[in-house]
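If you want the building blocks of each chain, they are given just below.
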Amino acid sequence: MNVKRLVALLSLCLLAAAPQPKPNIPSMGETIEVTVVNVELFVTDNKGQRVRGLTANDFDVFEEGVRQPISNFAEYSETVQGGQAGVPVPQKPGEAGASLPQKDVAVDQAPPQPRTIVLFYEPTKLPNFRIEPLFASLKQLVRDSVRPGDAMAIVVWNGVAGMIERQPFTDDVNRLEAVLDDLAEESVGVRLDPYSEARRRSIELALLAQSIADVAGARGAPALAGGSAGAASQFDARGNAWMAMLEQRAKIRGINALMNGISGSGGKKALLLATRRLGDFAGAEYFFATGSGEVPFDRRTELDMRSELNSMTETANANGVTIYPLYFEGLGNEQGADASISPAGIQGTSPTGILPANFDYLVLNNETGALSTLAERTGGLMAWGSKNIVNLIPHVQDDFDSYYSLGYRTQTRREDRARKIVVKAKNPAYTVRARRQFVEKSDTTKMKERLIASLFRETGEWPIFDIKAELGAPKQVKKDRRSFPLTITIPVESLTTLEQNGQQAGAFSVFVVPGKVLGAIGEVTQKTQSYTIKPEDLEKTKLGVFTYELEVLVDPATQKLAIAVYDEVSRDYGLVQLEVPR
């Protein structure tokens, strides 16, 4: 048959696009679905001890302030008396009160839940007496928590290189411990003060050559220490804070990609977030080092990361991931939990060469405020500094071993919105820790997140149908832009059509996102194409392909393209990646 050819123009640059007519997407009408929202609960008494043996009747759950009937309930515990380790403990017949009839509650009789755990580690440098107990506690957590059939991965953030998967998902405890030993050895050293860090970042950017400078200049980046590695020793608070902001944005997208990547995993999902720079204001430490007690007012909007950090909360809650932030750095010369000694002797970046006495406290507040919010809103726990983290790890272990799971039914319309969840124990002496959101996402948002996640690692989901993509010979269209013809081939039989006005009608969307250096990504571009097939041509057409042609503009920082085709009718998709020739 003749190939059906669909042509479009696509630019990956951040340029204003001309308005496109709304495509005709066939639909069977508005779909309202009923979804069961599952929430994990960690319950303690007024002494901080775990409370076991509760039933659904001991809790109230509210969505947007409206009480919801509990439809599912289970207790998971390794130590329930008379029960099998890891098996959910059903509520006993007749224990539910009149306000919640027993027949309305489905008791989960599932086997022990598998665990999917990700350790995200951002390298730091600390003395051995601080590093050794930190990694010893992590190794103990691995030994106690990773069971046969579980999956744990260790991912390291490395600035320019983005995320590096040091250990893919495995239940091999010995392999996980070996990687932790390697990381511990790599982390022992002199503390990374802001001056050294600024110099390192400047040198890395200089070595990335003019490609980054072009991209940064297009967005109004400040001058960075004269623009060369040789001048990197000249401290420029705004310039280095701006670089920190770029890296933090890339880091957040990478972490979100990790959480999206385990969305399809069943059972319990946790992210151990061992980071050293993920504060409310990116690069605030560079201003603190100059003696300023806060980020200057005229830079606060530019460096404010709270919106991006909120995206982590929503991504975690949308995928059922509990976040446990661990701020290894703590206070600079930490001497125990209170760490009252400041690093006054550290050569730094202030005009006098000495960091201000309150420097570490300012940095700590900027970092731990953001990390505490992540933990609170996703049902996790947070700690900073060696002693506090070592004390926290057994509580993380308790979270893995002992918790409740309740579910309630709610209507969804496949729209982007977050709804507030509050779970309360009826006994006021009990404290309930749980995630605070149910995040509903549209199909388009899910597809974009799936595509972005593919740039960082395999998502755990397999594309439902195959597509092919090919880049043609480039043309130089601007000093820093090249144009590539991109051809995408889609098997027609993979797409679904509906009868509409006497013909078979369908539609698909093409998504393209560029992967860049520094672990960053560009904006996701979407184009939607509708089509019709005459009834008499349907069988013949199903044997062929659609060829969708695009013109792609890329900047010097673009290394690869992630491409997806999404069937707007069936909601199936295909996904592929291409390396961009240098």
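1. Section: the pairing of strand E17 (residues 468-471)
Side-chain alternation along E17 places Ala469 and Leu471 on a buried face and Lys468 and Glu470 on a face that remains uncovered. In this sheet, strand E19 (residues 481-491) lies alongside E17 in antiparallel orientation, the contact comprising four bridges. By the bridge assignment, Ala469 is partnered in E19 with Ile488.

2. Some words on helix H5 (residues 237-261)
In this model H5 runs 35 Å from its N-terminal to its C-terminal C-alpha over 25 residues, within 8% of the 36 Å that 1.5 Å per residue would give. Among the 25 residues in H5, 21 count as buried, and that is most of the element.

3. Examining the side chain of Asp443
Assignment of secondary structure puts Asp443 in helix H11 (residues 443-456). Judged by relative accessible area, which is 15%, Asp443 ranks as buried.

4. What about the pattern of salt bridges?
Any two side chains of opposite charge can pair, on the condition that their charged atoms come close. In the structure shown here, the tally under the stated rule is 22 salt bridges. Ionic pairing is found between Glu329 and Arg276, a salt bridge with its closest N-O pair at 2.8 Å. Residue Glu329 is located in the loop between strand E11 (321-327) and helix H9 (359-378), and its partner Arg276 is located in the loop between strand E10 (268-274) and helix H6 (284-289); the two are separated by 53 residues in the primary sequence. Each of the two residues, Glu329 as well as Arg276, counts as buried. In this structure, the salt-bridge partner of Glu440 is Arg417, at a minimum N-O distance of 3.0 Å. Of this pair, Glu440 sits in strand E16 (residues 437-440) while Arg417 sits in strand E14 (residues 417-425); the two residues are 23 residues apart in sequence, bridging distant segments of the chain. Judged by its relative accessible area of 32%, Arg417 falls in the partly exposed class. Residues joined in a network through salt bridges with shared partners are Glu63, Arg417, Arg419 and Glu440.

5. Regarding the environment of Asn388
Mapped onto the elements, Asn388 comes out in helix H10 (residues 386-401). Assessed through its relative accessible area of 23%, Asn388 is described here as partly exposed. Remark: the alpha-carbon pair of Asn388 and Leu134, spanning 254 residues in sequence, is separated by 9.6 Å.

6. Points about the packing of H5 against helix H8 (residues 306-319)
Axis separation between H5 and H8 bottoms out at 9 Å; the angle between their running directions is 5°. Comparing their axes, H8 and H5 come out roughly parallel. Facing Arg249, Ile252, Ile255, Asn256, Met259 and Asn260 of H5, the residues of H8 in contact are Glu308, Leu309, Ser311, Met312, Thr315, Ala316 and Asn319. Broken down by class, the residue content of the contact of H5 with H8 amounts to six nonpolar, five polar and two charged.

7. A short note on the packing of helix H1 (residues 128-145) against helix H2 (residues 173-187)
At a closest axis distance of 10 Å, the pairing of H1 and H2 adopts a crossing angle of 170°. On the basis of the axis angle, H1 is roughly antiparallel to H2. Here H1 contributes Ile131, Phe135, Leu138, Lys139, Val142 and Arg143 to the contact with H2, which in turn contributes Val173, Leu176, Glu177, Leu180, Asp181, Leu183, Ala184 and Ser187. Residues of the contact of H1 with H2, tallied by class, amount to nine nonpolar, one polar and four charged.

8. Quick word on the nonpolar core
Counting 44 residues, the largest nonpolar core has Phe120, Ile255, Met259, Leu271, Leu273, Leu278 and Met312 as its most contacted members. It is H5 that provides the largest number of residues to this core, a total of ten residues. Dropping the residues within four chain positions of it, Phe120 is found in contact with Val155, Trp157, Met163, Lys251, Ile255, Leu258, Leu271, Leu272, Leu273 and Ala274. By size, the runner-up hydrophobic cluster in this structure holds 37 residues, among which are Ile117, Val142, Met152 and Val396.

9. Considerations on a positive patch on the surface
Where like charges cluster on the molecular surface, the positive patch consists of Arg377, Lys420, Lys424 and Arg436. Inspection of the secondary structure puts Lys424 in strand E14. For Lys424, a relative accessible area of 48% puts it in the partly exposed group.

10. Structural notes on the environment of Thr487
Structurally, Thr487 can be placed in strand E19. For Thr487 and Thr547, which are 60 residues apart along the polypeptide, the C-alpha to C-alpha distance reads 6.7 Å. The contact partners of Thr487, leaving out residues within four places of it in the chain, are Lys468, Ala469, Glu470, Thr547, Tyr548 and Glu549.

Conventions we followed
- Residues numbered from 1 in each chain as written.
- Predicted model: local features only at pLDDT ≥ 70, side-chain atom pairs only at ≥ 80, totals over all residues.
- Heavy atoms only, no water.
- Buried < 20%, exposed > 50% of the residue type's maximum accessible area, 1.4 Å probe, protein only.
- Helix = DSSP H or I, 4+ residues; strand = E, 2+ residues; numbered from the N terminus.
- Pairing = 2+ DSSP bridges.
- Expected span 1.5 Å × (residues − 1).
- Salt bridge = Lys/Arg side-chain N within 4 Å of Asp/Glu carboxyl O.
- Axes fitted to C-alpha atoms, helices over the stretch in contact; angles between N-to-C directions.
- Parallel < 35°, antiparallel > 145°, perpendicular 65-115°, else oblique.
- Contact = heavy atoms within 4.5 Å.
- Nonpolar A, V, L, I, M, F, W, Y, C, P; charged D, E, K, R; others polar.
- Core = buried A, V, L, I, M, F, W, Y, C linked by side-chain atoms within 4.5 Å.
- Patch = residues over 30% accessible without salt bridge, like charges linked within 9 Å, V, L, I, M, F, W, Y side chains within 5 Å.
- Areas by Shrake-Rupley, 256 points an atom, 1.4 Å probe, with all protein chains shown as cover.
- Lys, Arg positive; Asp, Glu negative; His and termini not counted.
- Charge placed at Lys NZ, Arg CZ, Asp CG, Glu CD.

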